[in-house]
Amino acid sequence: MIHTFSVKCCQHSKYNIKKERNDVNLLCILLRFFLPLISSCPADKRQHSRNVFMIKNTSKKNNSQKRVKLEPEATTVNVNEKLLPSDPSMPSLESQSIENHQSRMSFQSIRLWLRLFIVNDLTTILVLFIWLLINIALFLGQFFNYHQSRSYFYLRVLISDGLGIARASALCLNFNCFLILLPVCRNLLSLIRYILPRCITQSVFRRLAIRLFDQHIGFHRCVGYAICFWSLLHVGAHVYNYERLIDVHNDYQSLSSVLNLLYLKSSESQVNPFDRVNPNGLSVGAMLSTTPGVTGVILCVCLLVILSSSTVLIRRSFYEIFWFVHHLFIIFFICLIIHGLQGLVKSQTNLNEHNPDICASIYREWGINQQCLIYPRFSGSQATSWMWLCAPLSLYTLERILRFLRSLQHIEILNIIRHESNVIEIRFRKKFMSIPQPGQYIYLKCFSIAKFEWHPFTVTSAPEEEFVSVHIRTIGNWTKSLAENLQMYPQDIPRLAVDGPYGSPADDVFNYDGVVLVGAGIGVTPYAAILKHIRSSQSSHARLRRVYFYWICNTTSCYEWFAEMLQELERDLRDRRNFLTYNIYLTQWSMGQMRAVIQNNTDDRDIWTGLESKTHYGRPNFDVDFQGIINEDWQMAEKRDIGVFVCGPTPLVKQLQRLCIKINDQHSSTNKVQFYLNKENF
């Protein structure tokens, strides 16, 4: 059944856009509620305008889809269909245009893709490229060093270039083991984030540097993958070397056979560590009888277990397994340090008395020819892994000592507040804890659940408040156990430990002329502390002139978390006109909620949040809103820097990324405004 109405549309000024949205949202709800009661009309066969919405009939008997075109006589509305829920089964005009645009792959789309890459990934890719170049340079330098070294001439006769590959991959392995612990030293990174802005005066370079440190976990993963690669190459090369050293027993009357029997002359002349092994046996026992063989097997097992437990599925579903198995790195580093202590790889020490370039061709005359009277002597190479690991292990040990001392400090729990949508708020006080700045996060540990597990949570309290608070959504095993342990509060208070605070991308929020804060669901927590801090210290940040706050929720129960805070902001910042603009969106609603909106739409305040600004229904149209920010008169002659901070799902982040690049390209010639995207990482 198709119902059609007619509507005339006109353009409104930029200052009436938000008011019109509320009217349109209410109009959509009225349609969805009353449409089943309206008699059918003949379908309009004319071309539909852009104000066409897809809606579903809520009747159980008829699930057919309905297309409605509204045409009131005196009402003029400019509708953006992105604000309203649509039926995914029916393609809209905009989706068709997007598909056509993607199929053409025009010059503009390619240019946008390149700009997205440059802004979002170029700096990270450059750092990774430099790191990769260092790995390649170390490998090639070490390989050619062993390939051309006279000291290893006779060892190359036995195992060829397997020696160079094994030693070069070992050097790269040591280099990456040196780096692997640095990105997880949280206190070291916090110190760098504190010093870096004071050393770099240019804001652009400061933001790029801070963004690099925000990718520390990603770099940690890349280094871990490199360790796996170099370990695989190192093991493969040594397996080849071991087979060559065993097969040399089957050679007769050759240079390799002579070198294999040098141990009969003197122990100092031994170059083959497996010269007494029976070549007809399996010979695995000979390998396991050496220190490199035993430690090598342990290293491979530890690395394999750590890698398999670091997958996304294990991290998200069984975090405890991931956390505990990761601590096998202690055994890994111990075995790595002692791996080369036995010195099986031997180099010649008497090059002046026995020149291999001359004596190799006359090996039958060793001890007879005047140039080769003295047999070659060899000594094991020294282990170098401990030199690479000394500094990072010391820093990481200091890091863990600081965490341990912090965990011993007493935490005074002031209040436990249970919110809807499975969210609990913990308010506590800690004597020797540095004051968390807006947007920073802490690590929380509950001794009754696990004595060694730390979990990160964003601080939602302002620095001016007398307590520190965090909002925790109970969706995992650990958070659910924490909620159960807090049920008996205040009769039974579990022991908690806090580590932090640590920096986040939101640290840079007050270094912009204006900021756009976008949070989806519980992703609003990083911006709660920022908004509270703005309310408490209105004159502390002279540069910040405008704040645009967006909160996107799929249920009205989420509003209960920070509704009181938003009401206080609305009241305290009433005198600062145009300073704070907040937009709250509801993406899903029921029939009962529709009726409540219809009955209470004439109220002065919103029925869900209690704010003067009404809740929007659907999703925000950032294209229109960002254009409105550009067109606003800020009374500034210089260029405006707008920071866009987002904490939400990946599609939302990508949408804002493309929009920022698009707007920056359009206004690059006028140099009027510049948008900078900052995304939270958890």
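Refer to the structure above for everything that follows.
Residues numbered from 1 in each chain as written. Predicted model: local features only at pLDDT ≥ 70, side-chain atom pairs only at ≥ 80, totals over all residues. Heavy atoms only, no water.

Attention now goes to the sheet that holds strand β15 (residues 640-647). Strand order in this open sheet of 6 strands is β14-β13-β12-β11-β15-β16, and the pairing throughout is parallel. Each edge of the open sheet is held by one strand with a lone partner, namely β14 (616-617) and β16 (673-679). Bridge count for strand β11 (residues 514-520) against β15 is 6 bridges, and the pairing is parallel. Across the sheet, the residue bridging to Val 515 is Gly 643, located in β15. (Pairing = 2+ DSSP bridges. Helix = DSSP H or I, 4+ residues; strand = E, 2+ residues; numbered from the N terminus.)

Moving on: the nonpolar core. With 35 residues, the main nonpolar core has Leu 517, Leu 531, Val 547, Phe 549, Trp 551, Leu 566 and Leu 580 as its most contacted residues. Those elements that provide at least two residues to this core are β11, α18 (525-536), β12 (546-553), α19 (563-572), β13 (580-586) and β15. When residues no more than four places from it in sequence are discounted, the contact partners of Leu 517 are Val 509, Tyr 527, Ile 530, Leu 531, Val 547, Tyr 548, Phe 549, Tyr 550 and Phe 645. Counting residues in hydrophobic clusters, the runner-up holds 27 residues, among them Cys 177, Trp 230, Phe 329 and Leu 389. (Core = buried A, V, L, I, M, F, W, Y, C linked by side-chain atoms within 4.5 Å. Buried < 20%, exposed > 50% of the residue type's maximum accessible area, 1.4 Å probe, protein only. Contact = heavy atoms within 4.5 Å.)

Let us now look at the state of the cysteines. Within the structure shown, the criterion is met by 1 disulfide. Across the disulfide, Cys 359 is cross-linked to Cys 372 (sulfur-sulfur distance 1.9 Å). Here Cys 359 and Cys 372 share a disulfide; its torsion about the S-S bond, -105 degrees, makes the bridge left-handed. You can see Cys 359 sitting in helix α15 (residues 356-359) and its partner Cys 372 sitting in the loop between α15 and β4 (378-380), a full 13 residues away along the chain. Residues Cys 359 and Cys 372 agree in their burial class; the two are buried. Free cysteine Cys 335: the closest other cysteine sulfur is in Cys 302, separated by 6.1 Å. Assessed through its relative accessible area of 7%, Cys 335 is described here as buried. (Disulfide = S-S within 2.5 Å.)

Here the focus is the pairing of strand β6 (residues 423-429). The element β6 is largely enclosed, with a buried count of 5 among its 7 residues. Bridge analysis of strand β5 (residues 412-419) against β6 gives 7 bridges, and the strand direction is antiparallel. The residue bridging Arg 418 from the neighbouring strand is Ile 424, located in β6. Hairpin connection, β5 to β6: the antiparallel pair is bridged by 3 residues, and Ser 421 has positive phi, about 60 degrees. In this sheet, strand β9 (residues 468-473) lies alongside β6 in antiparallel orientation, the contact comprising 6 bridges. Residue pairing for β9: Ile 426 is matched across the bridge by Val 470.

Moving on, we get to the packing of helix α5 (residues 162-180) against helix α16 (residues 385-408). Where α5 meets α16, the closest approach of the two axes is 8 Å, and the angle between their N-to-C directions is 10 degrees. It follows that α5 is roughly parallel to α16 by the angle criterion. On α16, the residues that touch Leu 171, Asn 174, Phe 175, Cys 177 and Phe 178 of α5 are Ser 385, Trp 388, Leu 389, Ala 391 and Pro 392. In terms of residue class, the contact of α5 with α16 is made up of 8 nonpolar, 2 polar and no charged. (Axes fitted to C-alpha atoms, helices over the stretch in contact; angles between N-to-C directions. Parallel < 35°, antiparallel > 145°, perpendicular 65-115°, else oblique. Nonpolar A, V, L, I, M, F, W, Y, C, P; charged D, E, K, R; others polar.)

Before going further, it helps to examine the environment of Gly 218. Note that Gly 218 resides in helix α8 (residues 216-247). Taking relative accessible area as the criterion, Gly 218 reaches 26% and is therefore assigned partly exposed.

Here we take up a nonpolar patch on the surface. Taken together, the side chains of Phe 129, Ile 130, Leu 132, Leu 133, Ile 134, Ile 136, Leu 140 and Phe 144 define a hydrophobic patch exposed on the protein surface, amounting to about 710 Å² of accessible area. Position of Leu 133 relative to the elements: it lies in helix α3 (residues 107-148). (Patch = residues over 30% accessible without salt bridge, like charges linked within 9 Å, V, L, I, M, F, W, Y side chains within 5 Å. Areas by Shrake-Rupley, 256 points an atom, 1.4 Å probe, with all protein chains shown as cover. Salt bridge = Lys/Arg side-chain N within 4 Å of Asp/Glu carboxyl O.)

Glancing now at the pairing of β13. Regular strands place side chains that alternate from one sheet face to the opposite one. For β13, a buried count of 7 out of 7 residues is recorded, marking the element as mostly surrounded by other parts of the structure. Across the two faces of β13 the burial is the same, with Leu 580, Tyr 582, Ile 584 and Leu 586 and Thr 581, Asn 583 and Tyr 585 all buried. Pairing of β12 with β13 involves 7 bridges; the strand directions are parallel. Across the sheet, the residue bridging to Phe 549 is Tyr 582, located in β13. Examined bridge by bridge, β13 and β14 share 2 bridges and lie parallel to one another. In the sheet register, Leu 586 faces β14, and the bridge partner there is Tyr 617.

This paragraph deals with the sheet that holds strand β8 (residues 455-458). With antiparallel pairing, the 3 strands of this open sheet are ordered in space as β8-β7-β10. In the strand order of this sheet, the two ends are held by β8 and β10 (496-502), each with one partner. Each strand of the sheet is rotated relative to its neighbour by a mean of 30 degrees, with strand direction disregarded. Pairing analysis gives 4 bridges linking strand β7 (residues 441-446) to β8, with the strands arranged antiparallel.

Looking now at the packing of aromatic side chains. What describes a pair of aromatic rings is the distance from one ring centre to the other and the angle between the planes of the rings. With the rule as written, the count across this model stands at 28 aromatic pairs. Pairing Tyr 242 with Phe 274 gives two aromatic rings, centres 4.9 Å apart and planes at 85 degrees, and the pair type is edge-to-face. A residue pair is termed long-range when its members are at least 10 positions apart, and Tyr 242 in helix α8 and Phe 274 in the loop between α9 (255-260) and α10 (284-288) qualify at 32 residues. According to the relative accessible area criterion, Tyr 242 is buried, its value standing at 10%. Ring plane angle 40 degrees and centroid distance 6.0 Å describe the contact between Tyr 441 and Tyr 502, whose orientation is recorded as tilted. With Tyr 441 in strand β7 and Tyr 502 in strand β10, this residue pair connects regions lying 61 residues apart in the sequence. Taken together, the ring pairs in this structure connect Phe 139, Phe 143, Phe 144, Phe 229 and Trp 230 into an aromatic cluster. Seen from the ring of Tyr 443, Arg 186 lies directly overhead, with NZ or CZ sitting 3.6 Å from the centre. The ring of Phe 447 has Arg 495 sitting right over it, with the charged end atom 3.9 Å from the ring centre. (Phe/Tyr/Trp six-rings, centres within 6.5 Å; stacked < 30°, edge-to-face > 60°. Lys NZ or Arg CZ within 6 Å of the ring centre and 35° of its normal.)

Time to look at the packing of α8 against helix α11 (residues 291-308). As a packed pair, α8 and α11 sit with axes 11 Å apart at the nearest point and diverge in direction by 145 degrees. In terms of crossing hand, the pair formed by α8 and α11 is left-handed. Where α8 abuts α11, its residues Tyr 225, Ile 227, Cys 228, Ser 231 and Val 235 lie against Cys 300, Leu 303 and Leu 307. A class-by-class count of the residues in the contact of α8 with α11 yields 7 nonpolar, 1 polar and no charged. (Left-handed = near helix turned anticlockwise from the far one by under 90°.)

Here Ala 383 shows up in the loop between β4 and α16. Accessibility expressed as a relative area gives 14% for Ala 383, which makes it buried. Taking the C-alpha atoms as reference, Ala 383 lies 8.2 Å from Gln 342; in sequence the two are 41 residues apart. If we ignore the near neighbours within four places in the chain, the residues touching Ala 383 are Gly 340 and Leu 341.

Moving on, we get to the pattern of salt bridges. Applying the stated criterion to the full structure yields 9 salt bridges. A salt bridge links Asp 357 to Arg 150; the nearest nitrogen and oxygen atoms lie 3.6 Å apart. Taken together, the positions of Asp 357 in helix α15 and Arg 150 in the loop between α3 and α4 (153-159) put the pair 207 residues apart, joining distant regions of the chain. Relative accessible area serves as the criterion here: at 35%, Arg 150 is assigned to the partly exposed category. Note that Arg 403 is salt-bridged to Glu 399, the shortest N-O span being 3.1 Å. Here Arg 403 pairs with Glu 399, and both are found in helix α16, just 4 residues apart, close to one helical turn. Glu 399 carries the same exposure label as Arg 403, and that label is buried. Each of Arg 186, Arg 406 and Asp 499 takes part in a single network of salt bridges with overlapping partners.

The values are spatial; any link to function lies outside them.
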